[in-house]
Amino acid sequence: MLRLFRRSAEPDISEVEDAPETRAASIGENKRVYAIGDIHGRADLFADLLRRIDNDDADSIPCPTELILLGDLIDRGPSSRQVVEHALALSQSGAMRCLKGNHEEIFIRAARGEIAATRFFCRIGGEQTLYSYGLSYADYASMSAERMTDWMLANIPRSHIDFIDSFEDLIEIGDYVFVHAGIRPGVPFNAQEPEDLRWIRAEFLKSKEAFGKVVIHGHTITQDVDEHANRIGIDTGAYMSGKLTAIGLQGEEHWFLSTAD
């Protein structure tokens, strides 16, 4: 059994006198959802965690299962191309959905010819992504941003760029909403700006507001799962920690799986 722990999302109110009745968040009884945090080019950890998810799913009562990747599949780690290829193959089965992270946003812009985006892309971990697509260390060191942009146009498969550009901004299932970075407090889900969904940090992380649904997100690295009443963060810094984390949800239960255990 690979579950680290499984519990109801309903808070324990047994010791709180006259506590108001609350309804636990539910993903829905007739489905099982797994969401994976920021992979960042760690194809090895991605494959490991998928095996753990498959085993976990097989140990449970059969029901339709959906997989969600929370974005930032690429950059920083050594195997971005392999992660993209694995995700592309999974997406063709129809049982996986992907969210667009801030790293995907910049990668797409650079790979479509924006020189300024290429410069920024290289500052945030894009160098490792280019190596995974075949650029040599020596060529990278000698290239201008203009030449590097031309190299990306010539060497990164357009099918990969189109696939990454098709990623979603926000996914709602039951009482949960899945995004890459977070949401802007006080703004309805259907009015959120893509920029906030991919880049927001402090305003979202510090908010105690009840968002109407529990937000599952990545983007901000924490040593362990960052769980609060209104949000659950599952970016455990896989590219440097070796710990890639997933959350599983079914009905009112949620649990966590990790490559570090």
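The following refers to the structure shown. Not measured: the values here are computed from a predicted model.

To continue, consider the overall build of the protein chain. Helix and strand counts for the protein chain come out as 11 helices and 11 strands. In terms of C-alpha radius of gyration, the protein chain reaches 19 Å, essentially the compact-globule figure of 18 Å for 261 residues. Principal axes of the C-alpha set define a box for the protein chain whose edges measure 70 × 40 × 30 Å. Burial analysis of the protein chain (261 residues in total) assigns 52% to the buried set. Summarising the internal contacts of the protein chain: among those between residues at least 6 apart in sequence, 67% fall at separations of at least 24. Total accessible area computed for the protein chain in this model is approximately 11,800 Å², and 49% of it derives from carbon and sulfur atoms.

It is worth spelling out the pairing of strand 11 (residues 253–258) at this point. For strand 11, the buried fraction is high: 5 of the 6 residues fall into the buried class. Sheet topology note: the strand 10 (residues 245–250)/strand 11 ladder contains 6 bridges and is antiparallel. Bridge pairing in strand 11 links alanine 246 to leucine 257. In textbook terms, the turn of a hairpin is the stretch between consecutive antiparallel strands, and for strand 10 and strand 11 this stretch comprises 2 residues, one of which, glycine 251, has a positive phi near 55 degrees.

What follows concerns the packing of helix 2 (residues 80–91) against helix 8 (residues 158–165). Two elements in contact, helix 2 and helix 8, have axes whose closest approach is 11 Å; the angle formed by their N-to-C orientations is 65 degrees. Between helix 2 and helix 8, the angle falls in the class roughly perpendicular. Note that helix 2 runs across helix 8; the crossing there is left-handed. On the side of helix 2, the interface is formed by Arg81, Val84, Glu85, Ala87, Leu88 and Ser91, while helix 8 contributes His160, Phe163 and Ile164.

Our focus in this paragraph is the pattern of salt bridges. The final tally for this structure, using the stated rule, is 19 salt bridges. Among the ionic pairs, arginine 184 bridges to glutamate 203, the shortest N-O distance being 3.7 Å. Here glutamate 203 lies in helix 10 (residues 202–205) and arginine 184 lies in the loop between strand 6 (176–178) and helix 9 (194–199), a separation of 19 residues in the sequence. By relative accessible area, arginine 184 is classed as partly exposed at 29%. Given the relative accessible area of 43%, glutamate 203 is considered partly exposed.

Mapped onto the secondary structure, threonine 129 falls in helix 5 (residues 126–132). A polar side-chain atom of threonine 129 sits 2.6 Å from a polar atom in the side chain of aspartate 75. Ignoring sequence-local partners within four residues, the contact set of threonine 129 consists of Ile74, Asp75, Ser80, Phe107 and Phe121.

Once that is clear, we can look at helix 3 (residues 102–111). Helical periodicity: at 3.6 residues per turn, an α-helix aligns residues three or four positions apart in one direction. Among the 10 residues of helix 3, 9 are classified as buried, and the element is accordingly described as predominantly covered. Packing partners of the buried residues in helix 3 comprise helix 4 (115–123), helix 5, helix 7 (145–155), helix 8 and helix 9. Downstream of helix 3 by a residue or two, glycine 113 has a phi angle that is positive, lying close to 115 degrees.

Its volume calculated, the second largest pocket comes out at about 200 Å³. Lining of the second largest pocket is provided by Tyr34, Leu50, Ile53, Asp54, Asp57, Thr65, Glu66, Leu67, Leu90, Ser93, Ala95 and Met96. For the lining of the second largest pocket, the elements supplying multiple residues, two or more each, are helix 1 (43–58) and strand 3 (65–69). Here the lining of the second largest pocket takes 4 residues from helix 1, the largest share from any one element. Here the lining of the second largest pocket is built from residues that sort into 7 nonpolar, 2 polar and 3 charged.

How each quantity is defined
Residues numbered from 1 in each chain as written. Predicted model: local features only at pLDDT ≥ 70, side-chain atom pairs only at ≥ 80, totals over all residues. Heavy atoms only, no water. Helix = DSSP H or I, 4+ residues; strand = E, 2+ residues; numbered from the N terminus. Rg over C-alpha atoms; globule rule 2.2 N^0.38 Å. Buried < 20%, exposed > 50% of the residue type's maximum accessible area, 1.4 Å probe, protein only. Contact = heavy atoms within 4.5 Å. Areas by Shrake-Rupley, 256 points an atom, 1.4 Å probe, with all protein chains shown as cover. Pairing = 2+ DSSP bridges. Axes fitted to C-alpha atoms, helices over the stretch in contact; angles between N-to-C directions. Parallel < 35°, antiparallel > 145°, perpendicular 65-115°, else oblique. Left-handed = near helix turned anticlockwise from the far one by under 90°. Salt bridge = Lys/Arg side-chain N within 4 Å of Asp/Glu carboxyl O. Polar contact = N/O pair within 3.5 Å; in protein donor to acceptor, adjacent residues only side chain to side chain. 1 Å grid on protein atoms, 1.4 Å probe; cavity = no way out; pocket = protein on both sides within 12 Å on 5 of 7 lines; lining within 4 Å. Points joined across faces, edges and corners; volume = space filled by probe spheres on them. Nonpolar A, V, L, I, M, F, W, Y, C, P; charged D, E, K, R; others polar.

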